[in-house]
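In case you want the letters, here they are:
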Amino acid sequence: MFEFISMKKLFLSLLLSASVLVKAQSPWDLQQCINYAIKHNLGLKQQALNNEVNKNNSNQVRSSVLPSLNAGATHQYNFGQTIDRFTNTFANTQVLSQNFYISSSVVLWSGLSQYNNIKANDYSYLSGVERLRQQENDLSLSVANAYIGIIFSEELLKISRNQYQVTKEQLDRTLKLVNAGALAKSVEYDIKAQLANEELNVTTADNNYRLSMLNLQQLMNFDSVTNFSVVRPDFTLSESQLVENNVTAIYETALKNQPGVKSSEYAVMSADKTRIASMGRYSPTLTFNASMGTGTSGLAKKQTGEYYTVPQTLVTSMGTFTYDTQVPVLVSMPFSEQFKNNANKSIGFSLNVPLFNGLQSNTAVKNSKINVLNSQYSAEMTKQTLYKNIVQAITNANAALNKYNASKLSAEAAAESFKYAQQKFDVGAISSFDFTSAKNRLFAAESNLLQAKYDYLFKLKVLDYYQGKPLGF
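Every value quoted in this text rests on a predicted model; they were computed, and no experiment measured them.

Caption draft 1: Molecular detail of the packing of helix α5 (residues 185–220) against helix α10 (residues 432–466). Closest axis-to-axis distance for the α5/α10 pair is 10 Å, and the angle between their directions is 15°. Considering their axes alone, α5 and α10 lie roughly parallel with respect to each other. Where α5 crosses over α10, the two elements pack in a sense that is right-handed. Here α5 contributes Val187, Asp190, Ile191, Gln194, Glu198 and Asn201 to the contact with α10, which in turn contributes Ser432, Phe435, Thr436, Lys439, Asn440 and Phe443. Among the residues making up the contact of α5 with α10, the classes are represented as four nonpolar, five polar and three charged.

What follows is the structure, encoded as structure tokens:
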């Protein structure tokens, strides 16, 4: 029974491991690649940590408007002659004194500098959040480009292999004709040379495919170069699909959804609040203070209500007189009684009026105004760059579409030309040179069509990126 249970556990463990392995080997789609890249990119992690620091700073500035509360205590021994602060008496022995206090203060008015500092830090944090989103979007676009590059390399590899297979079949037919005496031996050598060249093309295409896979994995910060493949998306491109040449509409949409623009706007708002907060340094500061304290001393004594008699002698001109003096009995005052009796409380207001502080406030205000202008220029530059990029993206997309349509016609013509060239070569109507030339033209046309197709596809994804659309297929 025990062995059966153990075998069952082993079987379940192997089944689970196999399921995990199958899952790990399943192809990745574009969205999965983007999500993984965003989650594991170290630069994004650093920016996220910076945002956490900005958030903590914002919370700290927000908390600075609350009253402060501090407490403390001292336990002190005095040696030699000293004045006890609680009994106001001289002592020349070891004296133990203790002090306890609690204090609080709150700024009632400081020219609204605290409020504006809170808003400045809030806007700074929001700017960092949008900056992180912009970095995520930029990384997503790079991943999409690398993903499309893999699909392009894979299809180019298939074309190279198909060309190699066609030439290999052609070589088999040529060998039969050469052996039968229908073709010269030189034709065989020409086809073999072409086959070797196309084998090199296959090797080159395979290397490019592997490099494109590695490029995507590095962008994703993928921890393994094995067991990784991508899903080939199902999409079609229409020849009549023209890019709408409405720069203004795309630009207006991008202004609303591009995190980089929002980040620059928040930066302007933060700089402006910092400027207003710096002007509060000209204002008087009113602070409310309150404190409470107490203490104890080893010299503190109290009467017990009892007396003892001390004989006294007084010498005068009339003679010597002796009398008794009643001296009260003193004992050390208990800690609790001293703690209660020595309690002191205080409340008050303090007003600080800045008259001259070495032009520090004036310099801070001037620099804050410069920072506002600088952030405004940066925001304007961000918008100008965005507009230029959109215009360039639309131009590139239209040019890519025109190239795709032209490449498609060229590929169709090259395919028909090769079809007839192959038929003529099989019956010996054209030379091997003409046949190879037609075949090379077909390969070049198909390669150009493939490149134009995926180049146009990526240009469309760039436009989707500026419009805030998903980058998936």
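That shown, we press on.
Caption draft 2: A look at the sheet that holds strand β4 (residues 95–109). As summarised here, the arrangement of the four strands in space is β1-β4-β5-β8, forming an open sheet in which the pairing is antiparallel. Of all the strands in the sheet, the pair left with one neighbour each is β1 (68–78) and β8 (344–352). Mean inter-strand twist for the sheet, computed between neighbouring axes without regard to direction, equals 20°. Bridge count between β4 and strand β5 (residues 285–297): 12 bridges; the pairing is antiparallel. By the bridge assignment, Ser103 is partnered in β5 with Ser291.

Caption draft 3: Region of the structure containing α10. Its 35 residues give α10 an end-to-end C-alpha distance of 51 Å, which sits within 8% of 51 Å, the value for a rise of 1.5 Å per residue. Taken from the residues just after α10, Gly468 is the one with a positive phi, measuring 75°.

Caption draft 4: Broad picture of the pattern of salt bridges. The full count for this structure, using the stated rule, is 11 salt bridges. The salt bridge partner of Glu155 is Arg232, with a shortest N-O separation of 2.3 Å. Placement of Glu155 in helix α4 (residues 113–179) and of Arg232 in the loop between α5 and α6 (247–257) is noted, with a sequence separation of 77 residues between them. A relative accessible area of 42% places Arg232 in the partly exposed class. The shortest N-O distance in the salt bridge between Asp206 and Arg161 comes to 4.0 Å. A residue pair is termed long-range when its members are at least 10 positions apart, and Asp206 in helix α5 and Arg161 in helix α4 qualify at 45 residues. The class of Asp206 is buried, set by a relative accessible area of 17%. You can call Arg161 partly exposed: its relative accessible area is 45%. Within this structure, Arg161, Asp206 and Arg210 form a network of salt bridges that share partners.

Caption draft 5: Expanded view of the packing of aromatic side chains. Counted by the stated rule, this structure contains 13 aromatic pairs. Both rings, one in Tyr251 and one in Tyr387, keep their centres 5.1 Å apart while their planes meet at 90°; by these two values the pair is edge-to-face. One end of the pair, Tyr251, is in helix α6; the other, Tyr387, is in helix α9 (residues 360–426), and 136 residues separate them in sequence. Exposure remark for Tyr251: the relative accessible area of 14% places this residue in the buried category.

Caption draft 6: Representation of the environment of Leu401. Note on placement: Leu401 falls in helix α9. Relative accessible area serves as the criterion here: at 1%, Leu401 is assigned to the buried category. Sequence-wise, Leu401 and Tyr456 are 55 residues apart; in three dimensions their C-alpha atoms are separated by 5.8 Å.

How each quantity is defined
Residues numbered from 1 in each chain as written. Predicted model: local features only at pLDDT ≥ 70, side-chain atom pairs only at ≥ 80, totals over all residues. Heavy atoms only, no water. Axes fitted to C-alpha atoms, helices over the stretch in contact; angles between N-to-C directions. Helix = DSSP H or I, 4+ residues; strand = E, 2+ residues; numbered from the N terminus. Parallel < 35°, antiparallel > 145°, perpendicular 65-115°, else oblique. Left-handed = near helix turned anticlockwise from the far one by under 90°. Contact = heavy atoms within 4.5 Å. Nonpolar A, V, L, I, M, F, W, Y, C, P; charged D, E, K, R; others polar. Pairing = 2+ DSSP bridges. Expected span 1.5 Å × (residues − 1). Salt bridge = Lys/Arg side-chain N within 4 Å of Asp/Glu carboxyl O. Buried < 20%, exposed > 50% of the residue type's maximum accessible area, 1.4 Å probe, protein only. Phe/Tyr/Trp six-rings, centres within 6.5 Å; stacked < 30°, edge-to-face > 60°.

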